[in-house]
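Below are the chains, spelled out letter by letter.
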Protein chains: 2
Amino acid sequence: MQKIVTNVSEKLKAGEYKLTSRREIILRVLLENGEKHLSAEEVYNLVKVKVPDIGLATVYRTLELFLDLDIIRAMDFGDGRKRYEFSDESRHGHYHHHLICEECHRIIEVNEDLLDEIESIVTYDYQFSIINHHLIIFGICKDCMAKGK
Amino acid sequence: MQKIVTNVSEKLKAGEYKLTSRREIILRVLLENGEKHLSAEEVYNLVKVKVPDIGLATVYRTLELFLDLDIIRAMDFGDGRKRYEFSDESRHGHYHHHLICEECHRIIEVNEDLLDEIESIVTYDYQFSIINHHLIIFGICKDCMAKGK
DNA sequence: CTATGTGCAAATCCTTTGCAATCCA
DNA sequence: TGGATTGCAAAGGATTTGCACATAG
C-alpha cells in the first residue's frame, strides 16, 4: 500500500499538485476499502473519523482530481450517485466487471475481461477507438436466490 | 408505430393505469426519437412543443411508469442524468450496447450481444441469475478520429 | 513567501413530492 | 362519480462553486 501512496504522490507532483494530508487520507481510505465502491459521502464519513474537520467539498474535489489523474474510476451503478474504485490495472489485469444484486444491492466483482470479441467488432467494424468500458450486469445473487427471492 | 402504441396501451390497462393524452404523447416522442437516448428534460422540451402546458413532473412520472412496465430502459452514460430508450427487444434481438464518443459525446448503438461467454461464467461460476446488463464502451468515434482528435 | 488547497455556506442541477384542480374509465 | 393523473411550486439529494483563510513546497 505504501508503494501505491508513493506512486500517487508522484502522479500528483507530475501534475503540479500537492500531496496534502487530506489527499493522503482520502487515498488511504479508498485503498483500505478496496472493493467497496464507496460513494463520495461514504468516503467523507470514513475520512471524518480520522480528520473530523474535513469538508465534504474537499472530498469531492479530491475524487475529481484522482479521476483526472486516472488514479480512480467512477461509475453509476443505477442508484443515482457516483461510486469510485481504484483503477489499478495491475490488480486484476486489464478490466473487471460488476454484478449488481437487485435484491441486496451488493456489488460483486468479476475478475475476467472476456470482451475481446465485441471489442474487435467495435474496433474494426465501427472504427471506434476504445479507451475504456463499463459492464454492469443486473440480477439476483447466489445468496438472495437461496433465500428464495 | 401505431402497433407499439396499442401494445403499450394494453400494458397500461393490464396494470390498472390509464392511457392519458400526456402519456401517449410522451410515448410518441420517445418512439419518434428512437436511438437518441433522450434525457427527461429533452423529452419534456419535445413534448412541450405539442402540449405547451405539460409539466416536467409529469414527464418524470411517466418515464418512471414506463420503466416499471418495462416499456423503456434507463441508464446513465456518465453525464449525471438518466437517459431513456425503448426496451423493445424485438428491435435488435436480445440486447445491444452503446459506444460513447468522449470527443463529440455521440452515442452509437452496437447491435450485437456477444456476451455469451461472460454470461455463462457469471451464471455458472458466480451462480448469479442475470436479469439485464449495460455495456458502455468509451472511446473516440470514427469521425472524431478522422479529424485527428 | 505564494500559489495551491481547504472549510463553510450558498448555489446548482437533476429528480421527487405535496396538494389542489382536472380528467378518464 | 371517484380514484388516477396532472401542473405547479416547494422540497430533496448529489455535486459544484465562491470566498476568505490555511498550508505545502
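A. Examining the protein's contact with DNA strand C more closely. The environment of DNA strand C is formed by 19 residues, the closest being Thr20, Arg22, Arg23 and Thr58 of chain A together with Tyr60 of chain B. Across the atoms of DNA strand C situated within 4 Å of the protein, the share located in sugar and phosphate is 71%. Between arginine 22 of chain A and DNA strand C, the recorded distance is 2.3 Å, taken from a side-chain N or O atom to a phosphate oxygen. Measuring from a base oxygen of DNA strand C, one finds a side-chain N or O atom of lysine 18 of chain B at 3.3 Å. Of all the secondary-structure elements, those providing two or more residues to the surface near DNA strand C are α2 (21-32) and α4 (56-68) of chain A together with α4 (56-68) of chain B. By residue number, the principal contributor to the surface near DNA strand C is α4 of chain B, which donates 4 residues. Across the surface near DNA strand C, the residue classes break down as 6 nonpolar, 4 polar and 9 charged.

B. Up close: the interface of chain A and chain B. Every contact between the two is made by 36 residues of chain A and, on the other side, 36 residues of chain B. For the pair chain A and chain B, the summed buried surface comes to about 3,200 Å²; carbon and sulfur atoms form 73% of the total. Summed over the three residues of chain A that lose the most area to chain B, namely Ile118, Tyr126 and Phe128 of chain A, the buried surface amounts to 20% of that side. Seen at the junction of chain A and chain B, the total is 0 salt bridges. Taken together, the links from chain A to chain B amount to 11 residue pairs in polar contact (both at pLDDT 80 or more). Of all elements in the fold, only β4 (97-101), β5 (107-110), α6 (116-125), β6 (129-140) and α7 (142-146) of chain A reach the threshold of two or more residues within the side of chain A that touches chain B.

C. The arrangement of unusual backbone geometry in detail. All names here are of chain A. Phi is positive for histidine 105, close to 60 degrees, though the residue is something other than glycine. Along the polypeptide, histidine 105 turns up in the loop between β4 and β5. Take histidine 105: its relative accessible area is 59%, and that puts it in the exposed class.

D. Geometry of the packing of helix α2 (residues 21-32) of chain B against helix α3 (residues 40-50) of chain B. All names here are of chain B. For the pair α2 and α3, interaxial distance at closest approach is 10 Å and the crossing angle is 115 degrees. Remark: the crossing between α2 and α3 carries right-handed chirality. The residues of α3 that touch α2, namely those facing Ile25, Ile26, Val29, Leu30 and Glu32, are Val43, Leu46, Val47 and Lys50. A breakdown of the residues in the contact of α2 with α3 according to their chemical character gives 7 nonpolar, no polar and 2 charged.

Cut-offs applied
- Residues numbered from 1 in each chain as written.
- Chains lettered and ligands numbered in written order.
- Predicted model: local features only at pLDDT ≥ 70, side-chain atom pairs only at ≥ 80, totals over all residues.
- Heavy atoms only, no water.
- Near = heavy atom within 4 Å.
- Polar contact = N/O pair within 3.5 Å; in protein donor to acceptor, adjacent residues only side chain to side chain.
- Helix = DSSP H or I, 4+ residues; strand = E, 2+ residues; numbered from the N terminus.
- Nonpolar A, V, L, I, M, F, W, Y, C, P; charged D, E, K, R; others polar.
- Contact = heavy atoms within 4.5 Å.
- Buried area = accessible area lost by both parts, 1.4 Å probe.
- Salt bridge = Lys/Arg side-chain N within 4 Å of Asp/Glu carboxyl O.
- Buried < 20%, exposed > 50% of the residue type's maximum accessible area, 1.4 Å probe, protein only.
- Axes fitted to C-alpha atoms, helices over the stretch in contact; angles between N-to-C directions.
- Left-handed = near helix turned anticlockwise from the far one by under 90°.

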